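# Topology and contacts: notes
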Amino acid sequence: MPFLITPGQLTRRAGFYHQLAALTGAGVGLIPSVEQLQRHPPGTEFRQPLRRVVEALHRGATFAEAVRAGRWALPFEAALLEAAERSGRLEDCLRSLGDYHEERARMARQWLGGLAYPIFLLHFAVFLLPFSQFFATGDGVAYLRKTLGVLLPLYAVVGLGLFAAQSRHGEGWRSLWEKLLHGVPLLGTGRRALALSRLAMALEALINAGVSIVEAWPLAAQASSSPALVRVVTRWRQPLETGRTPAELVRAQGVFPEMFASQYATGEASGRLDETLRRLQRYYQDEATQKFTALAQWTPRLFYLIVAGLIAWKVMAFWLGYFDLIRRAGEF
């Protein structure tokens with residue numbers, strides 16, 4: 001996987017899933033479909049991973065196992081594909097993953113587009129404000145120290161933050177990152193809603209495939225890509241085997257919202273759990289989309305206000321210093 005995932009890469013990943021869904025939906029076998037996409041991939045970065053996927057499929061691996069062998073899919077993608085294969089609904093899962101990455105690409109472009117002007121303004125201010133001193137003294141080293149000395153640490157911090165947010169890291173790191181982002185407005189609630197949407201989607205597919213509830217819940221938790229959900233559900237095997245229902249366990253855990261617990265209990269009691277899970281999947285998917293869209297709209301505005309405030313403070317500091325210099329000169 002690349003160091004950072006760009007909107008263009010997300011768009012190509014969405015295209016891969018949509019093309020594969022179209023081929024398999026048209027009756028083309030899975031192996032010929034993947035071979036077709038390997039020959040004509042949506043992006044050059046897919047060619048080598050898809051070659052490994054094809055090789056694994058020819059060795060008799062399932063598609064989820066082959067995707068893991070390709071070492072390019074995110075962990076939740078492989079888990080969802082495994083659930084879809086078990087339920088015989090691979091095409092639907094592929095389309096959902098394509099839609100998911102399309103939405104991610106759209107929000108990333110909106111976020112980056114909104115940040116373009118504040119970032120330009122920040123660079124303009126960093127290079128302009130110390131220019132008067134450079135013009136007066138001709139000290140290029142001091143000028144670079146006041147410009148690049150500010151920007152390079154900022155680049156490093158942003159780069160490390162983006163790298164840390166990638167989903168390819170180990171369980172311990174992802175768990176720490178989840179805890180850090182839990183209280184961030186919009187982002188924390190959006191991530192939790194997205195995890196619940198994935199869990200409901202995978203759980204509904206697994207139950208319809210005839211997978212026992214004891215096995216379905218841990219697999220669905222893995223598909224959620226939430227370390228907190230995985231930790232909680234991993235402890236459920238013994239209570240489930242001794243007769244407790246998932247609805248009881250869901251309600252007993254604070255990691256599940258009240259609405260999810262209530263809806264799940266109703267679906268379990270009425271025998272319409274599959275319908276309930278589909279409804280929960282749509283609800284939390286919509287909630288996640290709303291949160292991330294709001295985040296994409298407000299992050300640039302907040303950044304713009306911070307940059308504008310810093311520029312105003314620098315300008316005021318310059319003029320205050322200038323007037324103080326004039327006052328001191330008048331005293332002499």
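Below you will find a few notes about this structure. (Residues numbered from 1 in each chain as written. Predicted model: local features only at pLDDT ≥ 70, side-chain atom pairs only at ≥ 80, totals over all residues. Heavy atoms only, no water.)

### As for the nonpolar core
- Counting 67 residues, the largest nonpolar core has Phe63, Leu81, Trp217, Trp236, Phe256 and Phe260 as the members making the most contacts within it.
- Among the elements that make up this core, the one with the highest residue count is helix H10 (residues 187–208) (10 residues).
- Apart from the residues lying within four places of it in its own chain, the contact partners of Trp217 are Leu199, Leu203, Val233, Trp236, Pro246, Val250, Phe256, Phe260 and Tyr264.
- One finds Leu122, Val126, Leu151 and Val307 within the second-largest nonpolar core, a separate group that totals 5 residues. (Core = buried A, V, L, I, M, F, W, Y, C linked by side-chain atoms within 4.5 Å. Buried < 20%, exposed > 50% of the residue type's maximum accessible area, 1.4 Å probe, protein only. Helix = DSSP H or I, 4+ residues; strand = E, 2+ residues; numbered from the N terminus. Contact = heavy atoms within 4.5 Å.)

### Considerations on the packing of aromatic side chains
- A full pass over the atoms with the stated rule returns 11 aromatic pairs.
- Relative to Tyr17, the ring of Phe16 has its centre 5.3 Å away and its plane inclined at 65 degrees; by these criteria the two rings are edge-to-face. In this structure, Phe16 and Tyr17 share a single accessibility class: buried.
- Judged by centre distance (6.1 Å) and plane angle (45 degrees), the ring pair of Phe260 and Tyr284 falls under tilted. With Phe260 in helix H15 (residues 258–270) and Tyr284 in helix H16 (residues 273–331), the pair connects residues that are 24 residues apart, well separated along the chain. Each member of the pair, Phe260 as well as Tyr284, is classed as buried.
- Among the aromatic side chains, those forming a connected cluster through ring pairs are Trp217, Trp236, Phe256, Phe260, Tyr264, Tyr283 and Tyr284.
- One cation-aromatic arrangement involves Arg301 over Trp298; the distance from NZ or CZ to the ring centre is 4.6 Å. (Phe/Tyr/Trp six-rings, centres within 6.5 Å; stacked < 30°, edge-to-face > 60°. Lys NZ or Arg CZ within 6 Å of the ring centre and 35° of its normal.)

### Description of the side chain of Thr293
- Take Thr293: it is sitting in helix H16.
- Each residue touching Thr293, except ones within four places of it in the same chain, is listed here: Glu103, Arg106, Met107 and Gln110.

### Regarding the pattern of salt bridges
- Taken as a whole, this structure holds 13 salt bridges when the rule is applied.
- Among the salt bridges present, the one from Glu45 reaches Arg12, with a minimum N-O distance of 2.8 Å. Taken together, the residues span a long stretch of sequence, with Glu45 in the loop between helix H2 (30–39) and helix H3 (47–58) and Arg12 in helix H1 (residues 7–25) at a distance of 33 residues.
- Accessibility expressed as a relative area gives 35% for Glu45, which makes it partly exposed.
- Arg12 sits in the partly exposed class, given a relative accessible area of 28%.
- Of the charged contacts in the structure, one is a salt bridge between Glu258 and Arg251, with a shortest N-O distance of 3.1 Å.
- Classification of Arg251 as partly exposed rests on a relative accessible area of 44%.
- Members of the salt-bridge network, linked through shared partners, are Arg68, Glu82, Arg86 and Glu215. (Salt bridge = Lys/Arg side-chain N within 4 Å of Asp/Glu carboxyl O.)

### What to know about unusual backbone geometry
- For Leu186, which is not glycine, the phi dihedral falls at a positive 70 degrees.
- With a phi angle near 65 degrees, Ser225 is a residue other than glycine that sits in the positive phi range.
- Structurally, the position occupied by Ser225 is in the loop between helix H11 (213–224) and helix H12 (227–234).

### Structural notes on H2
- Buried within H2 we find Ser33, Val34, Leu37 and Gln38. When H2 is viewed along its axis, its buried side chains cluster within an angular range of 140 degrees and face the same direction.
- Looking at the buried side of H2, the elements it contacts are H1, H3 and helix H4 (63–70). (Arc of directions from axis to C-beta.)

### Comments concerning the packing of H1 against H2
- At a minimum axis distance of 9 Å, the contact between H1 and H2 shows a crossing angle of 140 degrees. By the criterion of interaxial angle, the relationship of H1 to H2 is oblique. Our pair here, H1 against H2, has a crossing hand that is right-handed. Taken together, the residues of H2 that come into contact with H1 (itself represented by Phe16, Gln19, Leu20, Leu23 and Thr24) are Leu30, Ser33, Val34, Gln36 and Leu37.
- Looking at the contact of H1 with H2, its residues break down into 6 nonpolar, 4 polar and no charged. (Axes fitted to C-alpha atoms, helices over the stretch in contact; angles between N-to-C directions. Parallel < 35°, antiparallel > 145°, perpendicular 65-115°, else oblique. Left-handed = near helix turned anticlockwise from the far one by under 90°. Nonpolar A, V, L, I, M, F, W, Y, C, P; charged D, E, K, R; others polar.)

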